[in-house]
There are 2 protein chains.
Amino acid sequence: MSEELMTIRQMCDAFSVTPRTLRFYEARELIFPERRGQHRLYDRRDRARLTLILRGKRFGFSLEEIRQLLELYEPGGANHAQIAATIDVARQRLDDMERQYAELGEAIVDLKAQISEAENRLTTETKDKLTG
Amino acid sequence: MSEELMTIRQMCDAFSVTPRTLRFYEARELIFPERRGQHRLYDRRDRARLTLILRGKRFGFSLEEIRQLLELYEPGGANHAQIAATIDVARQRLDDMERQYAELGEAIVDLKAQISEAENRLTTETKDKLTG
DNA sequence: GTCTTACTTTACGTTCGCGTCAACTTTACC
DNA sequence: GGTAAAGTTGACGCGAACGTAAAGTAAGAC
């Protein structure tokens, strides 16, 4: 267990996904588990990538966008031009994320206000009944 | 023009959506334009709702979730129990949004670090070529 | 050895959020 | 009143991200 390999079931339990999902991500070339015979085995690297995949999904990125971003987290392999291209992609995503961050902050403030306003309506309505 | 009514085309141009999209939102009961004869006419309220719809979509909410949230922004009509239920939904959404906000902040820091690291790899590679 | 259990591939099905015709009706303009 | 522009209602199509059933394999338990 020098590499802390996990079976597909252990992965599913750990990350709350289904086997279908993991195989789907593999088909889309987002993760590359080893094969011991026919079975898949996931190592630390696969788990790190899956964490990033699930995070990306929560932010509304498509699997293809996530795949491109993951290249940025890979140490070697790509050539100069590829790295540069990936950086460009990443910078655009970063812009999107920062815009989304700001907007989300506003929306939170907004929603909070709406909630307390609605709460006031409730208590006021109650008071009306009591004093009416 | 006391209510600043807009045709579907004007709406599409103003919000960068297609007529199909607006009719789809109407079918899902997210907006309720008036009818002048057969044609739809959108007022200030419809535009406000559409703004919230598009914002919600950017945050990854489904149209059904958005529909529920929109009830919160509606002044009258609902009864006590309905308002209370809507507030519950809203609070859960708010939790999600705040979690997402925090996580997005981390992801931004993370991605920035990855980008500058990748940039360093580029410049280092260049230096290697120059000094090699 | 066979039974169970975990895993595999293949492949068709499903939901969401619209796109894209097709066929009609209005409305605007001359 | 004819015609073009804008709008209308179906209805089917489509890509993304899986769900799900079918059928096969491989390894350990007894």
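Look up a bit, the structure's there.
Residue indices begin from 1 for each chain and proceed along its sequence in written order. Key to labels: chains lettered from A, ligands numbered from 1, both in the order written. Reporting of local features is limited, given that this is a predicted model, to residues whose pLDDT is at least 70; pairs of side-chain atoms are given and counted only at 80 or more, and all residues count toward the totals for whole chains, interfaces and linings. Only hydrogens and water are removed before side-chain values are computed, so all heavy atoms of the structure are retained for them.

Student: Explain the overall build of chain A here, please?
Tutor: Numbered from the N terminus, helices here are DSSP runs of H or I no shorter than four residues, and strands are runs of E no shorter than two. Broken down by element type, chain A carries five helices and two strands. Ordered by position from N to C terminus, the α and β elements of chain A give α-α-β-β-α-α-α. Within chain A, the proportion of its 132 residues that are buried is 38%. Two residues form a contact once any of their heavy atoms are found within 4.5 Å. In chain A, once contacts between residues fewer than 6 apart in sequence are set aside, the share between residues at least 24 apart is 50%. We get accessible surface area from the Shrake-Rupley algorithm with a probe of 1.4 Å; when it comes to residues, only the shown protein chains can shield them. As displayed, chain A offers around 8000 Å² of accessible surface, 51% of which is attributable to carbon and sulfur atoms. Only protein chains enter the calculation, and the probe is 1.4 Å; a residue is then buried if its accessible area is under 20% of its type maximum, exposed if over 50%, and partly exposed in between.

Student: Mind showing me how you'd approach the protein's contact with DNA strand D here?
Tutor: Neighbouring residues of DNA strand D: 18 residues in total, closest Thr18, Tyr25 and Lys57 of chain A together with Arg35 and Arg40 of chain B. Definition of nearness: a residue and a molecule or strand are near each other if at least one heavy atom of the residue lies within 4 Å of the molecule or strand. Near-protein atoms of DNA strand D (within 4 Å) split between backbone and bases, with sugar and phosphate holding 67%. What qualifies as a polar contact is a pair of N or O atoms within 3.5 Å, subject to a donor-acceptor requirement within protein and to the restriction that residues adjacent in sequence count only when both atoms come from side chains. Within the side chain of tyrosine 25 of chain A, one N or O atom sits 2.7 Å away from a phosphate oxygen of DNA strand D. Between DNA strand D and threonine 7 of chain B there is a distance of 3.3 Å, counted from a phosphate oxygen to a side-chain nitrogen or oxygen. Its residues assigned to classes, the surface near DNA strand D comprises four nonpolar, six polar and eight charged. Charged means Asp, Glu, Lys or Arg here, nonpolar means Ala, Val, Leu, Ile, Met, Phe, Trp, Tyr, Cys or Pro, and polar covers whatever is left, Gly included.

Student: Got a minute to help me understand the packing of helix H3 (residues 44-58) of chain B against helix H4 (residues 63-72) of chain B in this structure?
Tutor: Two packed helices can be described by the angle between their axes and the distance between those axes. Residue and element names in this part refer to chain B. Their axes nearest at 10 Å, the elements H3 and H4 cross at an angle of 135°. Comparing their axes, H4 and H3 come out oblique. The element H3 and its partner H4 pack so that their crossing is right-handed. Residues Arg49, Leu52, Ile53, Gly56 and Lys57 of H3 touch H4, and the partners they reach there are Leu63, Ile66 and Leu70. For the contact of H3 with H4, the residue count by class is five nonpolar, one polar and two charged. An axis is simply a line fitted to the C-alpha atoms; with a helix, the fit covers only the stretch in contact. Between two such axes, the angle follows the N-to-C directions and lies from 0 to 180 degrees. What sets the label is the angle itself: under 35 degrees gives roughly parallel, over 145 gives roughly antiparallel, 65 to 115 gives roughly perpendicular, and the rest give oblique. Should the near helix be turned anticlockwise from the far one by less than a right angle, the crossing is left-handed, and should it be turned clockwise, the crossing is right-handed.

Student: Even after reading the chapter, I still don't get the relation of the copies chain B and chain A, so can you show me in this structure?
Tutor: Two copies of the chain are present, and they differ by a rotation about an axis and a shift along that axis. Between chain B and chain A, the superposition needs a rotation of 179° and an axial shift of 0.0 Å, giving an RMSD of 0.2 Å. Such a combination of rotation and displacement between the chain copies is what one expects of a two-fold axis. By C-alpha distance to the rotation axis, the residue of chain B lying nearest is glycine 60 of chain B, at 2.8 Å. Mapped onto chain A, 97% of the interface residues of chain B are again interface residues, and the two copies thus contact each other with one and the same surface. The fit set for superposing copies consists of C-alpha atoms from residues with pLDDT of at least 70 in both; the fit itself is least squares.

Student: I keep staring at the pattern of salt bridges and nothing clicks. Help me out?
Tutor: Residue and element names in this part refer to chain A. A pairing counts as a salt bridge when a side-chain nitrogen of Lys or Arg comes within 4 Å of a carboxyl oxygen of Asp or Glu. Inspection of the entire model under this criterion finds 28 salt bridges over all chains. Where arginine 9 meets aspartate 13, a salt bridge forms, and the shortest distance between an N and an O atom there is 2.9 Å. On the criterion of helical spacing, the pair formed by arginine 9 and aspartate 13 is a turn pair, its members being four residues apart in helix H1 (residues 8-15). According to the relative accessible area criterion, aspartate 13 is exposed, its value standing at 55%. A single network of salt bridges, built from pairs that share partners, joins Glu65, Arg93, Asp96 and Arg99.

Student: What exactly am I supposed to notice about the side chain of aspartate 43 of chain B here?
Tutor: Residues and elements named next belong to chain B. Tracing the backbone shows aspartate 43 in the loop between strand E2 (39-41) and H3. Among buried charged residues, aspartate 43 stands out as having no salt bridge; its nearest opposite-charge side chain is arginine 45, 4.8 Å away. In terms of polar contacts, aspartate 43 uses its side chain to reach the backbone amide nitrogen of arginine 45, at 3.2 Å. Neither His nor the chain termini are counted; the positive set is Lys and Arg, and the negative set is Asp and Glu.

Student: For this particular structure, what's the right way to read helix H3 (residues 44-58) of chain A?
Tutor: An α-helical turn contains 3.6 residues, so any two residues separated by three or four positions project in the same direction. All names here are of chain A. An ideal rise of 1.5 Å per residue puts 21 Å on 15 residues; H3 measures up with 22 Å between its terminal C-alpha atoms. Three or more residues of H3 are buried, namely Asp46, Arg47, Arg49, Leu50, Leu52, Ile53, Leu54, Arg55 and Gly56. For H3, the capping residue at the N-terminal end is aspartate 43, with a side-chain oxygen 3.2 Å from the backbone nitrogen of arginine 45. In the stretch just after H3, glycine 60 is the one whose phi turns positive, near 85°. Expected helix span is given by 1.5 Å per residue-to-residue step, counting one fewer step than there are residues.

On their own, these measurements won't tell you what the molecule is for.
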